[in-house]
Amino acid sequence: MLGVVTGLTGSLLYRSDLLQPAASMLFAFLLLYPLFKIGALGAGDIKVFIMIGSFVKMKDMIVVLVAAFVIGAVFSLVKLMIEHNGRERMCYFLSYLKDVMCARQWKIYGENMVQDYQLYRTNKIHFTVPILFGTALRIGGII
């Protein structure tokens, strides 16, 4: 909340505009909430994106989102190569998609792994790190 208040206050003081950051925040929430509902993103990740939205315009928010997901994909690929479980993870993902299509409703991704907490944690990345890198690359003018 402090980050959102800081971003909105800065936008109001320096740009005299709350519409653009509010739109960026709403966009981030509406786009990412379905991913939270199926367990693909954590609530903290969405809060960080909403906070970033309070500081940036919609165009910059889209760039940060895309950059974070691309960087997250690279992190995931590296993790798959290090752990040598790419085939297992792809089989699980395809099985998940098949279950969703057959049931015609979304379910939480990885819910059957929750019983084995260690297995559940090993199949996750800390997505806040790719969000940080994506934001830094955008603010730094690299992307």
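Residues numbered from 1 in each chain as written. Predicted model: local features only at pLDDT ≥ 70, side-chain atom pairs only at ≥ 80, totals over all residues. Heavy atoms only, no water.

Let us look at the environment of F93. If you trace the backbone, F93 turns up in helix α5 (residues 86-103). By relative accessible area, which is 35% here, F93 ends up partly exposed. Taking the C-alpha atoms as reference points, F93 and Y109, 16 residues apart in sequence, are found 8.5 Å from one another. (Helix = DSSP H or I, 4+ residues; strand = E, 2+ residues; numbered from the N terminus. Buried < 20%, exposed > 50% of the residue type's maximum accessible area, 1.4 Å probe, protein only.)

On to the packing of aromatic side chains. Aromatic rings in a pair are described by how distant their centres are and how their planes are angled relative to each other. Inspection of every chain in the model, using the stated rule, returns 6 aromatic pairs. Their ring planes at 0° and their centres at 6.5 Å tell us that F49 and F69 sit as a pair that is stacked. Separated by 20 residues along the polypeptide, F49 in helix α3 (residues 43-53) and F69 in helix α4 (residues 58-83) bring together distant segments of the chain. Geometrically, the ring pair formed by F69 and F127 is tilted, given 5.0 Å between the ring centres and 50° between the ring planes. A residue pair is termed long-range when its members are at least 10 positions apart, and F69 in helix α4 and F127 in the loop between α6 (117-122) and α7 (128-139) qualify at 58 residues. Given a relative accessible area of 9%, F127 falls into the buried group. Pairwise contacts between aromatic rings join F29, Y33 and F36 into one cluster. (Phe/Tyr/Trp six-rings, centres within 6.5 Å; stacked < 30°, edge-to-face > 60°.)

Turning to the pattern of salt bridges, a few remarks are in order. If the charged atoms of two oppositely charged side chains come close together, the side chains can form a pair. With the rule as written, the count across this model stands at 1 salt bridge. Of the charged contacts, one joins R138 and D60 as a salt bridge, the two residues approaching to 2.7 Å between their closest N and O atoms. Pair noted here: R138 is in helix α7 and D60 is in helix α4, with a separation of 78 residues, a long-range link. (Salt bridge = Lys/Arg side-chain N within 4 Å of Asp/Glu carboxyl O.)

Looking now at the nonpolar core. Core analysis: the biggest nonpolar cluster contains 16 residues, and L32, F49, I50, I52, M61, F127 and I131 have the highest contact counts within it. Sorting the residues of this core by element identifies α2 (19-37), α3 and α4 as the ones contributing at least two each. Excluding residues within four positions of it along the chain, I131 makes contact with D45, V48, F49, I52 and A68. Of all hydrophobic cores here, the second largest spans 5 residues; its members include I38, Y92, Y96 and Y109. (Core = buried A, V, L, I, M, F, W, Y, C linked by side-chain atoms within 4.5 Å. Contact = heavy atoms within 4.5 Å.)

Right, let's talk about the environment of R138 for a bit. Each C-alpha atom, one on R138 and one on V63, is 7.2 Å from the other, the two residues being 75 residues apart in sequence. Looking at R138, its side chain comes within polar contact range of the side chain of D60, at 2.7 Å. (Polar contact = N/O pair within 3.5 Å; in protein donor to acceptor, adjacent residues only side chain to side chain.)

Moving on, we get to unusual backbone geometry. Non-glycine residue H84 carries a positive phi angle of around 55°. Structurally, the position occupied by H84 is in the loop between α4 and α5. A relative accessible area of 73% places H84 in the exposed class. Positive phi is not limited to glycine here, since R104 has a value of about 55°.

Bringing the packing of α3 against α4 into the picture now. Where α3 meets α4, the axes come as close as 10 Å, and the angle between the chain directions of the two elements is 150°. Considered as vectors, α3 and α4 are oriented roughly antiparallel to each other. The two elements α3 and α4 meet at a crossing, and its hand is right-handed. Facing α3, whose interface residues are F49, I52 and G53, α4 presents M61, V64, L65 and A68. Looking at the contact of α3 with α4 residue by residue, the class counts come to 6 nonpolar, 1 polar and no charged. (Axes fitted to C-alpha atoms, helices over the stretch in contact; angles between N-to-C directions. Parallel < 35°, antiparallel > 145°, perpendicular 65-115°, else oblique. Left-handed = near helix turned anticlockwise from the far one by under 90°. Nonpolar A, V, L, I, M, F, W, Y, C, P; charged D, E, K, R; others polar.)

Right, let's get into the state of the cysteines. This structure, assessed with the given rule, holds 0 disulfides. You can see C91 has no disulfide; the closest cysteine sulfur is in C102, sitting 16 Å from it. Residue C91 is classed as partly exposed on the basis of its relative accessible area of 49%. Judged by its relative accessible area of 61%, C102 falls in the exposed class. (Disulfide = S-S within 2.5 Å.)

Distances and angles like these do not, on their own, reveal function.
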